[in-house]
Protein chains: 2
Amino acid sequence: MRHQVTSPTKPSAAVVVPPDTASLSPAEARALFRAGLAVPTAGWSAGYAQANLIIVPKAQAFDVLLFAQRNPKPCPILGVLDAGETAGPLLAGGDIRTDVPKYTVYEDGVKVAEPTDITPYWRDDLVTFIVGCSFTFEAALQEAGIRVAHIDQGVNVPMYRTSVRCEPAGAMAGPLVVSMRPIPASQVADAARVTSRYPAVHGAPVHVGNPAEIGIEDLGRPDFGDPVEVPEGCIPVFWACGVTPQAAVMESRPALAIGHAPGHMLITDAKDSAYLVP
Amino acid sequence: MRHQVTSPTKPSAAVVVPPDTASLSPAEARALFRAGLAVPTAGWSAGYAQANLIIVPKAQAFDVLLFAQRNPKPCPILGVLDAGETAGPLLAGGDIRTDVPKYTVYEDGVKVAEPTDITPYWRDDLVTFIVGCSFTFEAALQEAGIRVAHIDQGVNVPMYRTSVRCEPAGAMAGPLVVSMRPIPASQVADAARVTSRYPAVHGAPVHVGNPAEIGIEDLGRPDFGDPVEVPEGCIPVFWACGVTPQAAVMESRPALAIGHAPGHMLITDAKDSAYLVP
């Protein structure tokens, strides 16, 4: 896992990664990020749901919400903050402008900054969408005896733009983005079964096997995150990814949009188990 | 079932209810309504999903969609037509302005008309929300051996405003509206189990038993639809109802809003089974 601290705006030098990040409460984790720590969040606050972020001006909010409604697998909405609101039930006592370890800021669809604090960009008309993340079902995969390669290898999950187009909504259009986990052939069915029980956090896989069929040319060069080795006997399995709405926002080129930096998630107060269906 | 034809705008006199409405295709059913037939749709086009309708100007559309996102049990969105659009994949070859048997038109939150054709009210900025309906799971209840009283008694399902408030969204706020079906005590668990497998069309009951606990004073006087008898040995069971967004729209008093008339639903091309989860 990369532990570089790249915050230009928060007093990060004094903040170090505690020894047992899995046992931190979501509020404790968010306090560390608020203080300037900028690291990927995989494995943090075990049992609590992590989430993707997409923040747009109110004028674009209907298109984003409709895009999510039409593309529920990549864009499962866990919560929406009202225009200008910076806290809510998923981050009690928190502040959405500082509590994510690292953000991505887009102006006219172009990435202009990766700050650790978006307070300087904040406007009262910004609407925050909190989107489910597949990290939520990884503990369930592990409990079912299925190894999660990027956790084993200590890196960020690999994510890819695909040739599959999402259903457009107003100005929002873009490719389906997927995350990939190599799964032993004998466990692919189990992985599909386990994750299908978490429909609010991407659910069952969208593709199993040949990456080329969904337009991925080289598994070793992900568009976001880090590459992972695909061990002998494993098949690449692809899940819809919450970076998808960011990709569509980039294509729609609003004057301003803000997301989380891939792998640097919002740690919410919701339990993973809250998103499990029978 | 009430078979009165109350259309001021469609040539209804010549249109009669065919003998076997259950076997009509959705397109055939919509053609009859387009021609002026104005009857409740319970039992029509067996196996196909019926839907609630809420149509608002684009300026109100974000609030309606966010209200639905925050209140998914009463407001499960099956589809959204873009501003000005009158057809879509749920009503292939249809026209949302004529294909519902009867509509309800609100101006400034006050019901001003119940036409069978909303073409005179149509504007290019109107956004149509198609919302799931509990009629979808009634066939599954019957297949599980559970009688559906309002079908047996040949009336519209009874619907009630409750004292439970929905989660507000912008200008949208209002009470949870529920539908009621009397269920034998020994089958309440089965009814909950069967309907929980249809989360996109209201899912499991929101309340079982004493109506007063959710602010319903008299089961014999529903706010919408018709009263049904509660047979000896049966318990009233309440499901979230797709009339809920109409109630919230009325409270938010937009200049114009249009819904279906309760019980007079859009018959979609989607199969009931499309909304069944494992």
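Residues numbered from 1 in each chain as written. Chains lettered and ligands numbered in written order. Predicted model: local features only at pLDDT ≥ 70, side-chain atom pairs only at ≥ 80, totals over all residues. Heavy atoms only, no water.

- As recorded in an unreviewed UniProt entry, chain A goes by Putative hydro-lyase ABCQ75_05155 and comes from Sinomonas halotolerans.
- Turning to chain A, the UniProt record has this under Sequence similarities (unreviewed entry): "Belongs to the D-glutamate cyclase family." (UniProt positions renumbered as here; feature names shortened; annotations may be inferred.)

Notes on the overall build of chain A
Now for step 1: Helices and strands together make up the secondary structure of chain A, namely six helices and 11 strands.
Now for step 2: The C-alpha atoms of chain A give a radius of gyration of 17 Å, which matches the 19 Å a tight globule of 278 residues would have.
Now for step 3: On the principal axes, the C-alpha backbone points of chain A span a range of 50 × 45 × 35 Å.
Now for step 4: Relative to its full complement of 278 residues, chain A shows a buried share of 57%.
Now for step 5: For chain A, restricting intrachain contacts to residue pairs at least 6 apart in sequence, the fraction spanning at least 24 positions comes to 76%.
Now for step 6: If you sum the accessible surface of chain A, you get close to 10500 Å²; carbon and sulfur atoms cover 53% of it.
Now for step 7: Within chain A, one finds 20 positive and 28 negative side-chain charges whose respective centroids are separated by 2 Å. (Helix = DSSP H or I, 4+ residues; strand = E, 2+ residues; numbered from the N terminus. Rg over C-alpha atoms; globule rule 2.2 N^0.38 Å. Buried < 20%, exposed > 50% of the residue type's maximum accessible area, 1.4 Å probe, protein only. Contact = heavy atoms within 4.5 Å. Areas by Shrake-Rupley, 256 points an atom, 1.4 Å probe, with all protein chains shown as cover. Lys, Arg positive; Asp, Glu negative; His and termini not counted. Charge placed at Lys NZ, Arg CZ, Asp CG, Glu CD.)

So, the environment of Val127 of chain B
Now for step 1: Along the chain, Val127 of chain B turns up in strand β5 (residues 126-132).
Now for step 2: By relative accessible area, Val127 of chain B is classed as buried at 0%.
Now for step 3: C-alpha separation for the pair Val127 of chain B and Asp117 of chain B, spaced 10 residues apart in sequence, amounts to 17 Å.
Now for step 4: Look past the residues within four positions of Val127 of chain B in its chain and what remains in contact with it is Phe62 of chain A together with Ile54, Ile55, Val56, Lys58, Ala61, Val80, Leu81 and Ala83 of chain B.

Re empty space enclosed by the protein
Now for step 1: The tally for this structure, following the rule as stated, stands at four cavities of 30 Å³ or more.
Now for step 2: In this structure, the largest cavity is lined by 14 residues; those nearest its centre are Cys133, Ser134, Val157, Met159 and Cys241 of chain A.
Now for step 3: Here the lining of the largest cavity is built from residues that sort into six nonpolar, seven polar and one charged.
Now for step 4: Here the lining of the largest cavity spans two domains, since at least three of its residues come from each of domain 1 (21-134 + 255-273) and domain 2 (143-244) of chain A.
Now for step 5: Counted as a void, the second largest cavity has a volume near 80 Å³.
Now for step 6: Taken together, 14 residues line the second largest cavity, and the ones lying closest to its centre are Cys133, Ser134, Val157, Met159 and Cys241 of chain B.
Now for step 7: Mapping the lining of the second largest cavity onto the domain boundaries places at least three of its residues in each of domain 1 (21-134 + 253-272) and domain 2 (137-244) of chain B. (1 Å grid on protein atoms, 1.4 Å probe; cavity = no way out; pocket = protein on both sides within 12 Å on 5 of 7 lines; lining within 4 Å. Points joined across faces, edges and corners; volume = space filled by probe spheres on them. Nonpolar A, V, L, I, M, F, W, Y, C, P; charged D, E, K, R; others polar. Domains from an automatic or database assignment.)

Examining the pattern of salt bridges
Residue and element names in this part refer to chain B.
Now for step 1: Overall, the coordinates contain 24 salt bridges over all chains when judged by the stated rule.
Now for step 2: For the salt bridge of Arg30 with Asp269, the shortest nitrogen-to-oxygen distance reads 3.0 Å. Placement of Arg30 in helix α1 (residues 26-34) and of Asp269 in strand β11 (residues 266-271) is noted, with a sequence separation of 239 residues between them.
Now for step 3: Assessed through its relative accessible area of 27%, Asp269 is described here as partly exposed. (Salt bridge = Lys/Arg side-chain N within 4 Å of Asp/Glu carboxyl O.)

Focus: the interface of chain A and chain B
Now for step 1: Taken residue by residue, the interface counts 17 residues in chain A and 17 residues in chain B.
Now for step 2: Summed over both partners, the interface of chain A with chain B buries about 1200 Å², with 61% contributed by carbon and sulfur atoms.
Now for step 3: Of all residues in chain A, Phe62, Leu65 and Gln69 of chain A give up the largest surface area on contact with chain B, accounting jointly for 46% of the area buried on that side.
Now for step 4: The tally of links from chain A across to chain B stands at two salt bridges.
Now for step 5: Along the contact surface separating chain A from chain B lie six residue pairs in polar contact (both at pLDDT 80 or more).
Now for step 6: The set of elements that each furnish at least two residues to the side of chain A that touches chain B consists of α2 (58-70), β2 (77-81) and β5 (126-132) of chain A.
Now for step 7: At eight residues, the largest contribution of residues to the side of chain A that touches chain B is made by α2 of chain A.
Now for step 8: For the side of chain A that touches chain B, the class distribution of residues is 11 nonpolar, two polar and four charged. (Buried area = accessible area lost by both parts, 1.4 Å probe. Polar contact = N/O pair within 3.5 Å; in protein donor to acceptor, adjacent residues only side chain to side chain.)

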